[in-house]
Structures are given as C-alpha cells and as structure tokens.
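Understanding the architecture of this molecule
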Amino acid sequence: MKKKEIKSEFTEYDSVAELSSAEQKLISEAEQAAANAYAPYSEFKVGAAVLLENGKIICGSNQENSSYPVGMCAERVALFAASANNPGIRVTHLVITSSSQNPAAPCGACRQVIAEYETLHNHSISILLKSSTTGKIISANGVKNFLPLMFTRKDLSR
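Residues numbered from 1 in each chain as written. Predicted model: local features only at pLDDT ≥ 70, side-chain atom pairs only at ≥ 80, totals over all residues. Heavy atoms only, no water.

1. Brief notes about the pattern of salt bridges
Applicable threshold: In what follows, salt bridge is the name for a side-chain nitrogen of Lys or Arg lying within 4 Å of a carboxyl oxygen of Asp or Glu. Type-normalised accessible area, obtained with a 1.4 Å probe on protein chains alone, sets the label of each residue: buried when under 20%, exposed when over 50%, and partly exposed for intermediate values. Only DSSP runs of H or I covering at least 4 residues are called helices, and only runs of E covering at least 2 are called strands; the numbering of each starts at the N terminus.
If you walk through the whole model with that rule in mind, you get six salt bridges. With a closest N to O distance of 3.5 Å, Lys-7 and Glu-5 form a salt bridge. As far as the burial class goes, Lys-7 and Glu-5 line up, both exposed. With a closest N to O distance of 3.6 Å, Lys-136 and Glu-12 form a salt bridge. Residue Lys-136 is located in the loop between strand S5 (126–131) and strand S6 (137–141), and its partner Glu-12 is located in strand S1 (residues 11–13); the two are separated by 124 residues in the primary sequence.

Take a look at the structure:
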C-alpha cells in the first residue's frame with residue numbers, strides 16, 4: 001500500500017487592507033448583498049460577489065423559505081445569475097461574506113457548483129471568505145482546497 005497525502009492550502013488575513021483593491025471592492029459588494037439577504041428564519045445573512053473575466057460583478061444573497069430545503073445559498077444565487085446572464089464568461093473570483101464569528105465556508109452543494117464552473121472553464125476560481133463580525137478573511141485558490149476529491153464530469157465518462 002502506497003500512502004499519498006492530500007493537502008489543502010489557505011491564506012488567512014486579519015484585514016481587508018491586506019487585499020488588492022479589486023478584492024476589497026468585491027468584499028464590499030458581497031457585504032451589501034448580505035444586507036439584502038432574506039433570512040427571517042435563521043437570521044444568518046450571507047452575501048456573495050462573483051467577478052467575471054470581463055470585469056462584471058454579479059452579487060447574490062441567501063434566500064430562505066419556511067420549507068428550508070427550497071431556499072438557496074448566496075454562492076449559488078450569484079453563480080447561477082452570472083452564468084445565466086453572461087454565458088461562456090469565466091468566473092475569476094468568488095467572495096462570500098457572512099454574519100458569523102468565523103468566515104463561513106461554502107456548503108457541499110455550493111462546493112459542487114463551484115467545481116462545475118471551474119471544470120467548465122478549466123480554470124480555478126479565487127475564493128475569499130470574510131466574517132463581517134470579526135473581519136477575518138480566508139483565501140484559497142480553487143475549490144479543490146475545500147473539496148480535494150471532487151466529483152466532476154470526468155467521473156461520468158462512459
């Protein structure tokens with residue numbers, strides 16, 4: 001048996017001042033989106049901002065429903081809106097802000113959607129997570145760091 005180690009890599013920042021001006025703008029946009037979240041049940045507000053290769057920024061916020069499973073996470077709202085309104089344009093960055101103590105990572109469904117768009121465009125998406133409570137930021141290059149053994153279209157080969 002050969003042992004193979006799989007690692008994930010993240011960078012942690014204490015302040016938005018440590019980020020590029022483009023990333024700071026995306027965080028601001030995601031925070032504004034979080035303020036518009038529809039979260040009457042959990043009161044957990046999440047905002048997402050997607051930067052496209054053409055420079056457009058598309059935002060989304062979580063949308064809850066009294067029947068919890070039919071709600072939608074901010075990440076998927078933003079990614080689906082970006083793809084529906086800008087078909088074929090690559091996503092370069094995804095910023096997620098939340099009202100939690102620590103930066104909230106995407107759920108499993110969102111990770112899988114991110115993986116789909118990375119696979120579609122054969123390019124990693126820079127992902128930044130920010131806690132609006134503490135200001136702490138975590139960054140990763142690509143969803144593979146959150147989902148190292150991800151399922152992609154290659155797994156569906158016939």
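2. Examining a nonpolar patch on the surface
Condition: Each patch is assembled from residues with relative accessible area greater than 30% and no salt bridge, linking like charges that lie within 9 Å and nonpolar side chains (Val, Leu, Ile, Met, Phe, Trp, Tyr) that lie within 5 Å. Residue burial considers only the protein chains on display, and all accessible areas are found by Shrake-Rupley using a 1.4 Å probe.
On the surface, Tyr-38, Tyr-41 and Tyr-68 cluster together into a nonpolar patch covering about 360 Å² of accessible area. By secondary structure assignment, the location of Tyr-38 is in the loop between helix H1 (21–35) and strand S2 (46–52).

By themselves, these observations are geometric and do not establish any function.
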